[in-house]
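Coordinate analysis (summary)
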Amino acid sequence: MHSSHSSLTGWIDAGWNGQFPGSVGNWTPNATRFPRGLGPVGAAAAEAGLKFLLWFEPERVAPGTELWGKPELYTRLEPDECRLCDQDPTLPCGLLDLGDPAARGWAIDMVSDMVSEANLSWYRQDFNTLPARFWAAADANSSSRNGGIARAGLSEAKHIAGLYQFWDTLVGRHPSLAIDNCASGGRRIDMETLRRSVPLWRSDHCWDDPASQAMAWGLSHFLPFH
């Protein structure tokens, strides 16, 4: 966390790339809303003395999107398997395999290009799905390459290590960039993510005053900024 990020921030959340959530997998600005892309938005923010935060959800892949056409980069589940993916339950869905160097490289380049184009100060990463079924499916698929032995948990371990490498590489390219670890409201608060990011949206359970006070009390013992 850099002290220079304490000033006022312009914030664009989900929807800049199309109708959410069906647009997850398309990471170019909506041409109707942003006919010249997000570069002019970032320039206007800088001229106004604002930082600029932009939302992404690179790991989730919706059918029909640009990323959906790259099946080698993600694990796919059919509708009856992925009904917890916060989208139309009649549709299949995918999870980008951050444990795969090619998929991770795609994500790094995609976000890095937008950081440069739009002069982003904050990268906001959301994660509105439950990944366990994807990782179990990937483990099962890998068993065919390991003499029929499924190594349970391997896909998860690679994915999470890949997530940390993704963030580290991104900040290595853009040293002044800060990361907002949204993750559907505080679902990725661990010691390694806290070394690299801050949760600006700590929980989706946000309309209950006693619960909010309890979260503030508990988190503030070890998380100074949230």
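Residues numbered from 1 in each chain as written. Predicted model: local features only at pLDDT ≥ 70, side-chain atom pairs only at ≥ 80, totals over all residues. Heavy atoms only, no water.

A few words on the confidence of the model for the protein chain. In this model, the protein chain carries a mean pLDDT of 90, and residues with pLDDT of at least 70 account for 91%. Across residues 1-6, where pLDDT falls below 50, the model places 13 contacts with residues more than four positions away in sequence or in other chains. (pLDDT = per-residue confidence, 0-100. Contact = heavy atoms within 4.5 Å.)

Spanning 20 residues, helix 4 (residues 154-173) covers 28 Å between terminal C-alpha atoms, matching the ideal 28 Å at 1.5 Å per step. In this fold, the buried residues of helix 4 make contact with strand 5 (93-96), helix 2 (101-118), strand 6 (122-125), helix 3 (132-142), strand 7 (178-181) and helix 6 (191-196). (Helix = DSSP H or I, 4+ residues; strand = E, 2+ residues; numbered from the N terminus. Expected span 1.5 Å × (residues − 1).)

Glancing now at the pattern of salt bridges. Applying the stated rule across the entire model yields 9 salt bridges. The shortest N-O distance in the salt bridge between Arg195 and Glu192 comes to 3.1 Å. With Arg195 and Glu192 both in helix 6 and 3 residues apart, the pair spans about one turn of that helix. We classify Arg195 as exposed; its relative accessible area is 62%. Looking at Glu192, the relative accessible area reads 30%, which means it is partly exposed. Across the salt bridge formed by Arg196 and Glu192, the nearest N and O atoms sit 2.6 Å from each other. Within this pair, Arg196 and its partner Glu192 are both found in helix 6, separated by 4 residues, close to a single helical turn. (Salt bridge = Lys/Arg side-chain N within 4 Å of Asp/Glu carboxyl O. Buried < 20%, exposed > 50% of the residue type's maximum accessible area, 1.4 Å probe, protein only.)

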